[in-house]
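Chain and residue survey
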Amino acid sequence: MNATIHVHIVDGIEKNTPKSIFHCASRDDDLGWHYLPYKGSDFTFSFKPKAFVETVFFCHFWRGSKNVAFEVYRYNGACGEEGGYETGICYWLVKEDGFYFANQTNPSPPFFIRKYGW
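Let us look at the structure shown here.

Thresholds, definitions, all that
Residues numbered from 1 in each chain as written. Predicted model: local features only at pLDDT ≥ 70, side-chain atom pairs only at ≥ 80, totals over all residues. Heavy atoms only, no water. Helix = DSSP H or I, 4+ residues; strand = E, 2+ residues; numbered from the N terminus. Buried < 20%, exposed > 50% of the residue type's maximum accessible area, 1.4 Å probe, protein only. Contact = heavy atoms within 4.5 Å. Areas by Shrake-Rupley, 256 points an atom, 1.4 Å probe, with all protein chains shown as cover. Pairing = 2+ DSSP bridges. Axes fitted to C-alpha atoms, helices over the stretch in contact; angles between N-to-C directions. Disulfide = S-S within 2.5 Å. Core = buried A, V, L, I, M, F, W, Y, C linked by side-chain atoms within 4.5 Å.

Here we look at the overall build of the protein
Of regular secondary structure, the protein possesses 0 helices and 9 strands. Each helix and strand of the protein, ordered N terminal to C terminal, gives the series β-β-β-β-β-β-β-β-β. Here the protein, with 118 residues, has 43% of them falling under the buried criterion. The long-range fraction of contacts in the protein, counting pairs at least 24 apart against all pairs at least 6 apart in sequence, stands at 50%. Total accessible area on the protein is roughly 6,500 Å²; 53% of this is exposed by carbon and sulfur atoms.

What follows is the structure, encoded as structure tokens:
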């Protein structure tokens, strides 16, 4: 696989009190701590998966007393060839009730699938 992968984490929370804070990393790369300052803000990172090594990126999210951690990218899993095709886009929308996934940039509501709750 030589395609560049683009992971978007987008704020879809109506009232950003408290703010969502998160930390993302892979085995080789620590992307650090981030927060989404307002609705519509987008934290994006891109990478090229390594040949013959399974690339996995995970993020741990906190919002007030709630927290959850999950893989935002795994080849043959979240955002990889899930659904039988590879778009190179991992779009995660953070909402009050959880995390929604789509595999395209700026997806419309019918394309979102709720994957995780808080």
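Some points on the sheet that holds strand S9 (residues 113-116)
If you walk across this open sheet you meet the 5 strands as S4-S1-S7-S8-S9, and the pairing is mixed. Lying at the two open borders of the sheet, with one neighbouring strand each, are strand S4 (42-47) and S9. Taken pair by pair, the neighbouring strands of this sheet meet at an average axis angle of 25°, ignoring direction.

Some details on the sheet that holds strand S2 (residues 21-26)
The sheet built from 4 strands is open, its strands ordered S3-S2-S5-S6 with antiparallel pairing. What marks the edges here is a single partner per strand, and that holds for strand S3 (30-35) and strand S6 (66-74). The average angle at which neighbouring strand axes cross in this sheet is 15°, direction not considered. Both S2 and strand S5 (residues 56-63) contribute to a ladder of 6 bridges, which runs antiparallel. Within S5, the residue paired with Ser26 across the bridge is Phe57.

A few points about the state of the cysteines
Summed over all chains, the structure comprises 1 disulfide. Each disulfide pairs two cysteine sulfurs, and for Cys24 the partner residue is Cys59, the sulfurs being separated by 1.9 Å. Taking the sign of the S-S torsion, about 105° here, the bridge from Cys24 to Cys59 comes out right-handed. Highlighted residues: Cys24 in strand S2 and Cys59 in strand S5, separated in sequence by 35 residues. This pair shows no difference in class: Cys24 is buried, exactly as Cys59 is.

Looking at the nonpolar core
Core analysis: the largest hydrophobic core is formed by 23 residues, its most contacted members being Val7, Ile9, Phe61, Val72, Tyr73 and Trp92. Of all elements in the fold, only strand S1 (5-11), S2, S4, S5, S6, strand S7 (89-95) and strand S8 (98-102) reach the threshold of two or more residues within this core. If one sorts the elements of this core by residue count, S6 sits on top with 4 residues. With residues up to four places along the chain from it excluded, the contact list for Ile9 reads Phe22, Cys24, Leu36, Ser41, Asp42, Phe43, Cys59, Phe61, Trp92 and Val94.

Purely geometric stuff here, so don't read any function into it on its own.
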